[in-house]
Amino acid sequence: MRYKMLLWPHANARYQAETLKLAASELRLMLDRLAPGAVIAADGEMGMPCLDIDVEGGLDAAAVEALRSHSLMYGLFECREGLLACVAGRAAARVGADLPAILKYKGKTNEMFLQLLINAALYSGDFWRQNGPLELLDPMCGRGTGLFVAANLGWNAVGADVDRADLKEAEKYFKRYLEYHRFKHGVSRESRTLRKGPAAPVCHFEYAVPGESARRELSLVGLNASQASEALGKNAFHIIACDLPYGVRHDAQLASGASRKGNWLETLLARALPDWRTALKPGGTVAVSFNAQNFRLDRLRALMADAGFEVLSGGAYDAFSHWVEQAITRDIAICRKPL
């Protein structure tokens, strides 16, 4: 049976040209779990951003429901005798579709790309069929866009960052959002003792999603990226996903003890990845996006392997590189913690 997935349009025409490749790579990882053997092809007939999906016997209800969370999906249609029958639309956001989009700031990563990053991690690990909410960590969360994407998926999320001003902005924004939309919620504060340096401050939100009995959680922690397991626990997260700094406004202070000479980001990851492995559940995944103009994919994968991860490569994993702007060509590296 043939399906057509109509993709979400992007305002930037140059970036729009990259979305077809990104959407196909994300879809490949999803279908490898949901419908092994499915064939994907770019649509050349409709004159719109669209992917063809051929599945022997068709997609079952569970697969269709999962595909509704594809980051770039606008609608899924079944081809019937030359006509298109709508099968499903984009999944509704659990908290609010505008939650990750409203807060604007310099260097913000597009929320749809962050959903792609999270989906790539999810369907590369062992927890893609889990019914309950997953636990996500963004160890360099900035003002929390990735956390808000995870909240809209119905997950619990923890964001850590060394920039206390960014964390304060994320906290103020999320609190205002919950109050404005009249979500039942509570905010608490605590600190986590660390072996070295001051204690890590934590702002913890608990909130209720209308129509769901279980309360969701979102936390913001003032923490160095290499201290996640010490402050947040071992085997605590199903997924770790983050968009690495592009070197425009960050410097070596992000990595404790890192030199300002050489590639400080490499120094940071060499320290952080072993800690992320400790914080991740066996079978969980790390997905990292980065600027390939100043950090090579093969070097990042080597650091992941050195930290004890199973590096995922080949096929869709080698097809995420894409243009963002003149100084940024973004790529993704994904690894899995062995069982």
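Look up a bit, the structure's there.
In this report, we go over the structure that sits alongside the text. Not measured: the values here are computed from a predicted model.

**Here's the deal with the overall build of the protein chain**
Check the secondary structure of the protein chain and you find eight helices and 15 strands. Against the 2.2 N^0.38 benchmark of 20 Å for 339 residues, the protein chain shows a C-alpha radius of gyration of 20 Å, consistent with a compact globule. Reported as C-alpha extents along the three principal axes, the dimensions of the protein chain are approximately 65 × 45 × 40 Å. Buried residues in the protein chain amount to 54% of all 339 residues. Sequence-distant contacts in the protein chain: of pairs separated by 6 or more residues, those separated by 24 or more amount to 68%. Of the roughly 15300 Å² of accessible surface on the protein chain, 49% is carried by carbon and sulfur atoms.

**Focus: the packing of aromatic side chains**
Applying the stated criterion across every chain, the model contains eight aromatic pairs. Both rings, one in F290 and one in F295, keep their centres 6.1 Å apart while their planes meet at 70 degrees; by these two values the pair is edge-to-face. You'll find F290 and F295 in the same group, each marked buried. Positioned above the aromatic ring of W8, the side-chain terminus of R90 is 5.1 Å from the ring centre. Against the face of F113 rests R330, its NZ or CZ located 3.7 Å from the ring centre.

**A look at helix α3 (residues 111–122)**
Between its first and last C-alpha, α3 extends 16 Å over 12 residues, near the 16 Å set by a 1.5 Å rise per residue. Among the 12 residues of α3, 11 are classified as buried, and the element is accordingly described as predominantly covered. Those residues of α3 that fall on the buried side of the exposure criterion are M112, F113, L114, Q115, L116, L117, I118, N119, A120, A121 and L122. A side-chain oxygen of the first residue of α3 lies 2.8 Å from the backbone nitrogen of M112; this N-cap is N110.

**Describing the packing of helix α7 (residues 264–279) against helix α8 (residues 297–306)**
Direction vectors running N to C along α7 and α8 enclose 25 degrees, while the axes themselves pass 9 Å from each other. Relative to α8, the element α7 lies roughly parallel. Like other packed secondary-structure pairs, α7 and α8 cross with a definite hand, here right-handed. Two secondary-structure elements touch here, α7 through E266, L269, A270 and L273 and α8 through R299, L300, L303 and M304. Here the contact of α7 with α8 is built from residues that sort into six nonpolar, no polar and two charged.

**Topic: the pairing of strand β14 (residues 322–325)**
Strand direction decides the pairing type here: β14 and strand β15 (residues 328–336), joined by three bridges, are antiparallel. If you follow H322 over to β15, its bridge partner there is R330. In this antiparallel pair of consecutive strands, β14 and β15, the connection spans two residues.

**Looking at the environment of F183**
When you line up the elements, F183 lands in the loop between α5 (164–180) and β8 (185–192). The residues touching F183, leaving out its near neighbours within four places in the chain, are V95, Y177, L178, A208, V209 and P210.

**Quick notes on the nonpolar core**
If you look at the biggest cluster of nonpolar residues, it comprises 74 residues, and the most contacted ones within it are I53, L59, L76, L136 and W155. Per element, the largest residue contribution to this core is nine residues, and it comes from α3. Beyond its immediate sequence surroundings of up to four residues, I53 is in contact with M1, R2, Y3, M5, L27, L31, A38, V39 and L76. Core analysis: the next-biggest nonpolar cluster, separate from the first, contains 38 residues, M140, V221, L268 and A333 among them.

**Section: the pattern of salt bridges**
Within the structure shown, the criterion is met by 22 salt bridges. With its nearest N and O atoms 3.4 Å apart, the salt bridge here joins R68 to E65. Residue R299 pairs with E266 through a salt bridge whose shortest N-O separation is 2.8 Å. Here R299 is found in helix α8, whereas its partner E266 is found in helix α7, with 33 residues between them in sequence. Judged by relative accessible area, which is 23%, E266 ranks as partly exposed. Through salt bridges with shared partners, a single network forms among R2, K4, D52 and D54.

So, how was this worked out
Residues numbered from 1 in each chain as written. Predicted model: local features only at pLDDT ≥ 70, side-chain atom pairs only at ≥ 80, totals over all residues. Heavy atoms only, no water. Helix = DSSP H or I, 4+ residues; strand = E, 2+ residues; numbered from the N terminus. Rg over C-alpha atoms; globule rule 2.2 N^0.38 Å. Buried < 20%, exposed > 50% of the residue type's maximum accessible area, 1.4 Å probe, protein only. Contact = heavy atoms within 4.5 Å. Areas by Shrake-Rupley, 256 points an atom, 1.4 Å probe, with all protein chains shown as cover. Phe/Tyr/Trp six-rings, centres within 6.5 Å; stacked < 30°, edge-to-face > 60°. Lys NZ or Arg CZ within 6 Å of the ring centre and 35° of its normal. Expected span 1.5 Å × (residues − 1). Polar contact = N/O pair within 3.5 Å; in protein donor to acceptor, adjacent residues only side chain to side chain. Axes fitted to C-alpha atoms, helices over the stretch in contact; angles between N-to-C directions. Parallel < 35°, antiparallel > 145°, perpendicular 65-115°, else oblique. Left-handed = near helix turned anticlockwise from the far one by under 90°. Nonpolar A, V, L, I, M, F, W, Y, C, P; charged D, E, K, R; others polar. Pairing = 2+ DSSP bridges. Core = buried A, V, L, I, M, F, W, Y, C linked by side-chain atoms within 4.5 Å. Salt bridge = Lys/Arg side-chain N within 4 Å of Asp/Glu carboxyl O.

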